[in-house]
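What the coordinates show
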Amino acid sequence: MQESPRDLLRRVFGHEDFRGQQRAIIEHIADGGDALVLMPTGGGKSLCYQVPALLRDGVGVVVSPLIALMQDQVEALRQLGVRAEYLNSTLDAESAARIERAMLAGELDLLYVAPERLLTPRFLSLLDRAKVGLFAIDEAHCVSQWGHDFRREYRELTVLHERWPDVPRIALTATADPPTQREIAERLQLEDARRFVSSFDRPNIRYTVVQKDNGKRQLLDFLRAHRDEAGIVYGLSRRKVEETAEFLAGQGFKALPYHAGLDADVRAQNQRRFLREDGVVMVATIAFGMGIDKPDVRFVAHIDLPKSLEGYYQETGRAGRDGEPAEAWLCYGLGDMVLLKQMIEQSEAGEERKQLERRKLDQLLGYCESMRCRRQVLLAGFGETYPHPCGHCDNCLTPADSWDATVAARKALSCVYRTGQRFGAAHVIDVLRGGEGEKIRQFGHDRLTTYGIGADLDAKTWRGVFRQLVAGGLLAIDTDAYGGLRLTDASRAVLTGGQTVMLRRDVVEKSKRDRDGGP
Ligand code: ADP
Ligand code: ZN
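Residues numbered from 1 in each chain as written. Chains lettered and ligands numbered in written order. Predicted model: local features only at pLDDT ≥ 70, side-chain atom pairs only at ≥ 80, totals over all residues.

Per an unreviewed UniProt entry, the chain goes by the name DNA helicase RecQ and belongs to Lysobacter hankyongensis.

Written out as structure tokens, the structure reads:
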């Protein structure tokens with residue numbers, strides 16, 4: 001009699017029982033059905049193809065874009081006594097030939113293959129002669145042209161279905177906004193596959209967004225609460241990553257940099273240390289993280305704005321895979337917004353792509369500025385309704401105040417207009433507050449009617465106002481290098497007096513207030 005999935009789970013993997021939808025998925029695949037699996041990072045996707053591969057006759061062929069991940073997984077499987085191998089460009093010809101022979105002889109349970117390798121005519125004809133139990137397509141969102149992980153070869157994976165229509169296929173991803181979902185199904189010819197959509201909620205992660213004031217100090221304050229814990233700090237540029245890693249190392253943290261500009265050796269070494277040593281803080285660009293399976297990452301901090309909510313959720317999903325409490329912390333300011341908007345406008349991408357990137361950034365900014373429960377906003381982004389406020393994100397724990405900023409907004413917009421719609425927020429704020437600087441005199445801005453009309457608010461409050469006006473589309477940023485502010489169609493409704501503007505009162509973090517004795 002064949003072993004039951006659960007007995008196999010216990011015998012081989014040593015786990016007591018399945019989680020979430022694992023059992024249903026495994027039974028479906030083991031029976032020969034196709035599946036599209038959407039499960040958050042850490043949800044336990046690997047078992048969804050590993051168990052059926054062991055239950056079915058023949059080898060389970062796993063397509064994975066990540067060489068490092070393949071190696072880790074294969075190593076872990078071998079320790080469990082599973083006959084697993086991988087084929088990718090790091091192998092010498094002799095080892096590759098040995099593995100191919102083992103596959104043909106029916107001596108493999110699982111074979112991980114890079115897509116470019118799988119698609120070679122030679123390998124495909126080899127598969128013709130082997131017995132294949134299933135195809136698993138990991139990181140299936142790589143098929144989406146709009147995602148940041150697009151892999152051209154993924155588009156050609158339809159050959160699997162065309163050539164071996166009877167072999168079940170399972171595609172898996174942790175990226176699941178509804179448009180990407182549809183694209184995966186379409187591009188991989190999985191329209192008829194059963195879909196398994198898990199909740200994307202990660203109840204043990206606490207989400208917090210803070211407004212950037214003194215970014216370094218804020219990061220340090222945050223990290224001090226996580227001494228000796230492993231975590232990831234994401235920054236936008238290579239330079240920022242290096243600077244920050246150095247700064248943190250100087251503050252006594254075990255901080256290492258990771259970005260695509262480092263030597264492959266250094267990258268591999270830093271990644272290894274992060275995985276094996278305790279309490280390493282990896283300071284990285286988004287080049288780091290896909291496929292990293294480290295269960296005890298206690299925090300993911302973003303010191304720059306991510307480009308989309310989807311990307312943000314995936315990056316923060318790397319925290320707390322072990323189910324223990326973990327934190328997702330995001331620190332951003334007006335400058336970050338200006339930078340990202342300029343990057344979009346100045347890129348070589350076509351108009352359609354830019355349009356999409358603008359929408360994604362706006363969705364992310366909506367999240368940052370929201371006064372609602374963060375979890376509700378995040379999950380809504382994935383088409384999921386979270387029934388009640390979570391009670392444990394920053395907005396739930398310390399509800400943000402809102403204030404009627406109509407008058408302030410009008411002053412801000414008029415001042416942008418009067419100064420000629422070509423200056424950045426810092427200068428406009430200076431004019432509003434009646435500053436005495438050289439630049440003000442040079443442009444004659446001390447003679448404007450808006451000079452000094454905003455002296456009632458401090459500069460920090462004004463920065464919050466401008467940031468929120470930009471985030472809300474009431475101000476636009478020029479696409480030239482200077483990032484001047486200009487009015488939008490929406491701002492006219494405020495200027496002509498019709499519309500009220502409610503803004504969020506920025507929270508001053510406690511530790512800073514204590515130290516400075518500030519407001
Ligand atoms: P994903 O690929 O979805 O990010 P993984 O497959 O790497 O997630 O699984 C995440 C972690 O959860 C791994 O450490 C794995 O061993 C563990 N895990 C998965 N399923 C179970 C289960 N049924 N019981 C116990 N641990 C599990
Ligand atoms: Zn909440």
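Additional details are given in the paragraphs that follow.
**Considering the overall build of the chain**
Threshold: By definition, any uninterrupted DSSP run of H or I lasting at least four residues is a helix, any uninterrupted run of E lasting at least two residues is a strand, and each is numbered from the N terminus. The reference for a compact globule is 2.2 Å times residues^0.38; the radius of gyration itself is calculated from the C-alpha atoms. Think of it as a crowd count around each C-beta: if 20 or more other C-beta atoms lie within 10 Å the residue is buried, if 12 or fewer it is exposed, and in between it is partly exposed, with C-beta placed from the backbone throughout. Whether two residues are in contact depends on their C-beta atoms, placed from the backbone: they are in contact if these lie within 7 Å.
The helix and strand tally for the chain stands at 23 helices and 17 strands. A compact globule built from 519 residues would reach a C-alpha radius of gyration of about 24 Å, and the chain, at 26 Å, matches this within 12%. Once the C-alpha set of the chain is aligned to its principal axes, its extents read approximately 85 × 45 × 45 Å. Here the chain holds 519 residues, and the buried ones make up 43% of them. Once local pairs closer than 6 in sequence are excluded, the contacts in the chain between residues at least 24 apart make up 73%.

**Here's the deal with the nonpolar core**
The criterion, for reference: Any nonpolar core is a set of buried residues, restricted to Ala, Val, Leu, Ile, Met, Phe, Trp, Tyr and Cys, that join up through C-beta atoms within 7 Å.
Grouped together as the largest cluster of nonpolar side chains are 82 residues, with contacts concentrated most on M282, V283, A409, A412, V428, V465 and F466. Not counting residues within four places of it along the chain, the set of residues in contact with F466 comprises L334, A412, A425, I429 and L475. L47, Y86, L160 and A171 belong to the second-largest nonpolar core, a separate cluster that totals 55 residues.

**Notes on the sheet that holds strand β13 (residues 326–332)**
Applied cut-off: For two strands to count as paired, DSSP must find a minimum of two bridges between them. All axes are obtained by fitting lines to C-alpha atoms, using only the stretch in contact for helices, and the reported angles, taken between N-to-C directions, cover 0 to 180 degrees.
One open sheet accounts for 6 strands, arranged β8-β13-β12-β9-β11-β10; its pairing is parallel. The open sheet terminates on both sides in strands that have one partner only, identified here as β8 (205–211) and β10 (254–258). Averaged over all neighbouring strand pairs, the angle between strand axes comes to 15°, with direction disregarded. The sheet contact formed by strand β9 (residues 231–234) and strand β12 (residues 299–302) spans 4 bridges and is parallel.

**Description of unusual backbone geometry**
For E139, which is not glycine, the phi dihedral falls at a positive 50°. Mapped onto the fold, E139 is located in the loop between β5 (132–137) and α8 (158–163). Not every positive phi belongs to a glycine, and D228 is a case in point at roughly 65°. Among the secondary structure elements, D228 is positioned in the loop between α10 (215–224) and β9.

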